[in-house]
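Listed below are the residues making up each chain.
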Amino acid sequence: MTADAHQDRPGRTELGRVLMTGGVLSADWAPAYASVPRSAFLPNLIWPFDMASGRSVPVSHSDDPQKWQGYADADVPIVTQWDDGAHQGSEPGQMPTSSASMPSVVFRMLRDLDVPPGGRVLEVGTGTGWNAALLARRLGAENVVTIEVDRAVADAARAALVRFGTPVRVVHGDGFTGCADAAPYDRIIATCGLRTIPHAWVAQCRPGGVIVVPWGTHWGNGDAVARLVVAGDGSSASGAFTGPVEFMKLRAQRLAPLVHQEYVDGGVGDRDKSSTTVTEGAFLGADRFSPQRFAVGLRVRDCAHVVAERREGARPVWLYSLSDRSWACVMFRDSGTASVWQSGTRRLWDEAEAAYQWWRDKGEPGHERFGLTVTAEGHTAWLDDPADHWPV
């Protein structure tokens, strides 16, 4: 299929109009959107997220090209690999490990990147190669380097980029270390979620350069896009978050599955039982992208929370320490106060409730009021002012 065959379809045209009307697709990126279709970088078998069913569904271009094309032109994420490539068959696997992101997310992050004419860009997480091709359309293929940890994914993206006429340099390697031999860069963008941003990226970016990266804590899977500007002396990078997202995590920074039995031996019993007047809706918010979840994660270090299914008018939320075997459980109910159990050297619910109250006291700030600073010594988060920071 030629590149021209992917273009000028009603679905793509309508999506472009929606993205521009919503302020996601800026005028300077519109030519790249028009000339570099996502479909040119997708494999025959894809697993788009179906909004109606709320799950990933297999769609084959060979079997149903119209349906395949419809998803390619839609603002939905599309899984292109499961289980680090070990998955076989057409049904979804256990864990998505490579994908084509929603076009709205892609162009929001490219807008945040604010590439200068002729600037050099390092992309961490090649995926299908579509994002690298969009960058090459703006800057020239010679000014884009993209790195991918999975050899099969890297090879497929390289072939797609050459086939499309954008021979970007695709490096097979660990993006956590960057790509020093092509540095310095004016911009660095990551298309995977991180929990620790390597200082190597700061060192490989020019002073005044910009790093755009989905970042979050192990509190949950939700990330927020951090737009960091490298300091004049190159020692640090700092900036505010631009909004919530969720990305597959950098492979080296995935949180290992939490084993409940390693924390809780038997039932909760009478372990330090108390109660709280905080409600489920107030603490969890509307969804996993709620600002209070992000804020609590910034304030409660080395902790993960798991929201269990609601049963008989009650929903348990479990908190697990990642630094020891402390745990807490809060049982939210449709009526009345919630019961709390805690065990271990840390009082995790006390920490979480205090963090939630801090967020309330600060005026219930959204993601955009928070920021992140990265130095060689570690990370600090802040609210409104980088001088008022704390370690994360």
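Here's a quick rundown of the structure. (Residues numbered from 1 in each chain as written. Predicted model: local features only at pLDDT ≥ 70, side-chain atom pairs only at ≥ 80, totals over all residues. Heavy atoms only, no water.)

## Observations concerning helix α9 (residues 291-299)
A turn of α-helix holds 3.6 residues, and therefore any two residues three or four places apart point the same way.
Part 1 of the argument: Most of α9 sits out of view: seven of its nine residues are buried.
Part 2 of the argument: Here α9 has its buried residues at Gln292, Arg293, Phe294, Ala295, Val296, Gly297 and Leu298. (Buried < 20%, exposed > 50% of the residue type's maximum accessible area, 1.4 Å probe, protein only. Helix = DSSP H or I, 4+ residues; strand = E, 2+ residues; numbered from the N terminus.)

## So, the side chain of Arg293
Part 1 of the argument: Among the secondary structure elements, Arg293 is positioned in helix α9.
Part 2 of the argument: The buried charged residue Arg293 lacks any salt bridge, with Asp287 as its nearest oppositely charged partner at 6.6 Å.
Part 3 of the argument: Other than its neighbours up to four places away in sequence, Arg293 contacts Trp219, Phe283, Leu284, Asp287, Arg288, His305 and Val307. (Lys, Arg positive; Asp, Glu negative; His and termini not counted. Salt bridge = Lys/Arg side-chain N within 4 Å of Asp/Glu carboxyl O. Contact = heavy atoms within 4.5 Å.)

## A look at the pattern of salt bridges
Part 1 of the argument: Scanning all chains against the criterion turns up 20 salt bridges.
Part 2 of the argument: Taking the shortest distance from any N to any O, the salt bridge between Asp223 and Lys249 comes out at 3.4 Å. With Asp223 in strand β11 (residues 223-230) and Lys249 in the loop between β12 (236-245) and β13 (274-276), this pair connects stretches of sequence that are 26 residues apart. With respect to class, Asp223 is no different from Lys249; both count as buried.
Part 3 of the argument: With a closest N to O distance of 2.8 Å, Arg360 and Glu364 form a salt bridge.
Part 4 of the argument: Look at the salt bridges and you will find they share partners, linking Asp84, Asp150, Arg251 and Arg254 into a network.

So far we have only geometry, and geometry alone does not tell us how the molecule works.
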